[in-house]
Amino acid sequence: MMRGLLSHPSARFGLAVLLLLALATGAASWIERELGVDAQSIDILAQLAPPSWSHPLGTDDVGRDLLVRLLRGGQISLVVGLATALVAALLGTLIGLTAGYLGGPADALLMRLTDGVIALPLLPVLIVLGAVDPTKLGLPADAFRSEWAGLGRIVVIIGLVGWTTSARLVRAAALSVKVQDFVRAAEALGAGPLHIMARHILPNVVQPMIVATTLSIGNIILLESALSFLGLGVQPPLPSWGNMLSNALDQLYNAPALALWPGASIFLTVLAFNLLGDGLQDTLDPRGGR
Amino acid sequence: MLRHILVRLLQSVLILLIMSFLIFGLISLMPGDPVSLMAAASPGMTPEDVARLRALYGFDQSWTIRYGHWLAAVLSGDLGYSRLSAQSVAATLPRPLANSLALMTVSLALALLAAVPAGVIAALRRGRALDHLLNLAAFAAVSLPVFWLGLVAIIVFAVGLGWLPASGVETVGGGGAVDRLRHLALPVLALAVAGFGHYMRYTRSAMIGVLRQDWIRTARAKGLSWTQVVLRHALRSAMIPVVTILALDLGTLFSGIVVTETVFAYPGMGKLIYDAVMGADFNLALAALMLATGLTLAGNLLADCAYGLLDPRIGER
C-alpha cells in the first residue's frame, strides 16, 4: 500500500508537505528557545517589525513573533484536526453499526437523524454550539477556561456534526455483510452481535473509512479555522491560524502582510490532506481508477 | 413518481420537525435568557419583577414545554420579536434573505459556468497534462479558506488597486444597479472559487463514468460526430449526479456565506445568524436557523425530483 501511495504524485506531494509541517511544528519549542521569545511574549518596541534575524517572519501589531505563533498555531490546528476526525469517525461507526445491524425502526430513526444533520447549515449551527453556556449543561462556568478544555470543546462541537459520512459508510457495509452466508453461519454457531460487528463487519469498512477520515481532516481544519476566525474557536492569547487572520482583518489597511502566512499555511495543510486522501482512494480502490 | 415525491415530502417535514426540536434545545443552551437581558438593561427592576416576568413569558418552565408553545405560535404564523432590530422577526428576515440569495445564485452560476466546461475538458483529456492541471486547480480551489480568499481579494482589489468596494451591499444613500453589482463582485468571487473546485471534480468523474458506457460507442457507431455525442448525450447523463450534488449542497453554501458575509460586512442571512447568536437575539437566531435548514431540506427534495425527471428509470418506479 505504501509503495502504491508513493508512486502517486499528488499523494507524494501531500505526504511531503505534512511531513515538513510535522517537523516544523515539532521544532517550535526549539525555535522559541533559539529566538528567546514565545508565542505570547509581547514586544511593544517591535510592532509590525519587518523580517530580521531575531524575527524571521517579522512581528504582528503588538510585537509578537510571527514565525513562532505560526508554528504554535499549526500544532493546535493539527491536533484539533486529527482528534476531531477520530471522534467523528468513532461516533459515526457506533451510529452506523447500530443502524445497519439492528435494522427496522432503529435504522429508520437513525438514518432520518443523519439526513437531518446533513441538512443542517453547518457553520451557523457550529456558531450556536460554540456559544453554548456551560452552566446550562450543568458544568462549572469556567469549564472551558483552561487551554486544553477549550480545545476539547472545539473537538466535541465539530465532532457532533461531522459523523454523518462514516455513519453512512459503516451502515452500508453492515447491511451488505450481515446477510451473507458466513455471517449466518457464525450466528448459527452462537456468535453474539458484538463479535459479528467486530470480526466481520468492521474489517470490511476499514479501507473506505481510512479514505473518508483522511479527506475529512482537511475539512475539519477549514471549519476550525473559520470558527477561530469568527472568534468562537481557539481563544486568544492561544494562537491559531484562524484567530491570527481575524487579527489581520483588523490591521488590513496598515499591515496587509499579516494575512499572508496564516492563510497560506491553512491552504497548504488542507491541500496536503486532500491530495493524500485522493491518493489513498486511488491506491486502496482499484475499481475507482482514474 | 408522484407517490415517491409525496413520501419524500412527508419525510422532509418529519426531519424538519426533529431538527426544530434539536435547534430549539441548542438555542436554549445559549447564555442568559430574554428576561435577564431585560433586567440587566433596566436597573430599577426588583428580583420579584424579574420572577413575575419569567412566569409571564414562561421562562420558569422547562425548554421542552417552551418548545411546544413556540411551535404552536410558529404554526399560527407568529415568529416573535427580534431583540436587535426591535421589529418582528417576520419583518427582519426578508431583506437579508434576498441579499444572500443574490450572493448565492450569482456565485453558483459563475462557479458552474467555469466548472462544467472544465470538468468535461478534463474528462476528455483524461490522464494528460491538461487534466492534471485542471485537477490540481480544483483541489487548490476546495482547499482555500473562503475568509482568507476574501481577505486577499480585499487587499488586492479594494486596498491595493482601489477598483472595487470592500464591504456592504451598496454605497450609503443608494447607487443603482451598477453600484450593487460592484459591491457583489468580491464576495461572489470568494464564494465561487470553492464551488468551482467542487463541481469541476463532480462533472469530471461523472463524465468519465458516462464515456465508459456502451451506448456511447453505439452512438458513435451510428454515425454521430464526437462533438454531438459529448454535448448532446454524454453531458446530459453526466449532469444527473451534478444536479443532485448541487441541490444537496445548499447547506454547505450556507456555511460559505457566514464567513463571506462577515469578511465583507455584507448584510445577508449568514451575518444575521452570526449577529443574532452573538447579540443573544434568541427569536431571530431560531427563525433564521430554521429557515436555513428548511431551505436545505427543500433543496434535497428538489434534487430528488430532478433526479426522477432526468433519469427515466427512476420516474417509472
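Parameters and conventions
Residues numbered from 1 in each chain as written. Chains lettered and ligands numbered in written order. Predicted model: local features only at pLDDT ≥ 70, side-chain atom pairs only at ≥ 80, totals over all residues. Heavy atoms only, no water. Core = buried A, V, L, I, M, F, W, Y, C linked by side-chain atoms within 4.5 Å. Buried < 20%, exposed > 50% of the residue type's maximum accessible area, 1.4 Å probe, protein only. Domains from an automatic or database assignment. Contact = heavy atoms within 4.5 Å. Helix = DSSP H or I, 4+ residues; strand = E, 2+ residues; numbered from the N terminus. Polar contact = N/O pair within 3.5 Å; in protein donor to acceptor, adjacent residues only side chain to side chain. UniProt positions renumbered as here; feature names shortened; annotations may be inferred. Expected span 1.5 Å × (residues − 1). Buried area = accessible area lost by both parts, 1.4 Å probe. Salt bridge = Lys/Arg side-chain N within 4 Å of Asp/Glu carboxyl O. Nonpolar A, V, L, I, M, F, W, Y, C, P; charged D, E, K, R; others polar. Patch = residues over 30% accessible without salt bridge, like charges linked within 9 Å, V, L, I, M, F, W, Y side chains within 5 Å. Areas by Shrake-Rupley, 256 points an atom, 1.4 Å probe, with all protein chains shown as cover.

1. Section: the nonpolar core
Alright, step 1. Core analysis: the biggest nonpolar cluster contains 122 residues, and Leu123 and Leu126 of chain A together with Ile27 of chain B have the highest contact counts within it.
Alright, step 2. Each of domain 1 (2–82) and domain 2 (94–315) of chain B gives at least three residues to this core.
Alright, step 3. When neighbours within four sequence positions are excluded, Ile27 of chain B is seen to be in contact with Val128 of chain A together with Phe282, Ala285, Leu286 and Leu289 of chain B.
Alright, step 4. Core analysis: the second largest hydrophobic core is formed by 16 residues, Met207, Ala219, Leu224 and Val229 of chain B among them.

2. A closer look at the side chain of Asp107 of chain A
Residues and elements named next belong to chain A.
Alright, step 1. Following the sequence through the fold, Asp107 ends up in helix α5 (residues 104–119).
Alright, step 2. Relative accessible area serves as the criterion here: at 10%, Asp107 is assigned to the buried category.
Alright, step 3. Side chain to side chain, Asp107 and Arg171 meet in a polar contact 2.7 Å long.
Alright, step 4. Residues within four places of Asp107 in sequence aside, it is in contact with Ala99, Gly100 and Arg171.

3. Concerning the UniProt feature "transmembrane region" (unreviewed entry) in chain B
Residues and elements named next belong to chain B.
Alright, step 1. UniProt records the feature "transmembrane region" (unreviewed entry) for residues 12–30, 101–124, 136–164, 184–202, 242–266 and 286–310 in the present numbering.
Alright, step 2. Its end C-alpha atoms 29 Å apart, residues 136–164 is made of 79% helix and 0% strand.
Alright, step 3. In the segment residues 242–266, helix accounts for 84% and strand for 0%; the C-alpha atoms at its two ends are 29 Å apart.

4. Some thoughts on α5 of chain A
Alright, step 1. In this model α5 of chain A runs 23 Å from its N-terminal to its C-terminal C-alpha over 16 residues, within 8% of the 22 Å that 1.5 Å per residue would give.
Alright, step 2. Looking at α5 of chain A, one finds that the buried residues are Asp107, Leu110, Met111, Arg112, Thr114, Asp115, Gly116, Val117 and Ala119 of chain A.

5. Some details on the interface of chain A and chain B
Alright, step 1. Each partner contributes to the interface: chain A provides 44 residues, whereas chain B provides 47 residues.
Alright, step 2. Both sides of the chain A and chain B interface together cover about 4,100 Å² of buried area, and 78% of this is carbon and sulfur.
Alright, step 3. Our count for the chain A to chain B interface comes out at zero salt bridges.
Alright, step 4. At the level of secondary structure, the elements contributing two or more residues to the side of chain A that touches chain B comprise α5, α6 (122–130), α10 (193–229), α11 (241–250) and α12 (260–284) of chain A.
Alright, step 5. Counting residues per element, the side of chain A that touches chain B draws most heavily on α12 of chain A, which supplies ten residues.
Alright, step 6. Classifying every residue of the side of chain A that touches chain B by side-chain character gives 33 nonpolar, five polar and six charged.

6. Notes on a nonpolar patch on the surface
Alright, step 1. A surface patch of nonpolar side chains, amounting to about 400 Å² of accessible area, comprises Leu2, Leu6, Leu9 and Val13 of chain B.
Alright, step 2. Along the polypeptide, Val13 of chain B turns up in helix α1 (residues 2–27).

7. So, the domain arrangement of chain B
Residue and element names in this part refer to chain B.
Alright, step 1. According to the domain assignment, chain B consists of domain 1 (2–82) and domain 2 (94–315).
Alright, step 2. Measuring from the centre of the C-alpha atoms in domain 1 to the corresponding centre in domain 2 gives 33 Å.
Alright, step 3. Between domain 1 and domain 2, the contact holds 23 residues from the first and 17 residues from the second.
Alright, step 4. Summing both partners gives a buried area of about 1,800 Å² for domain 1 against domain 2, and 79% of it is carried by carbon and sulfur.
Alright, step 5. Three residues stand out in domain 1 for area buried against domain 2, namely Ile23, Ile27 and Met30, and they jointly supply 28% of the buried area on that side.

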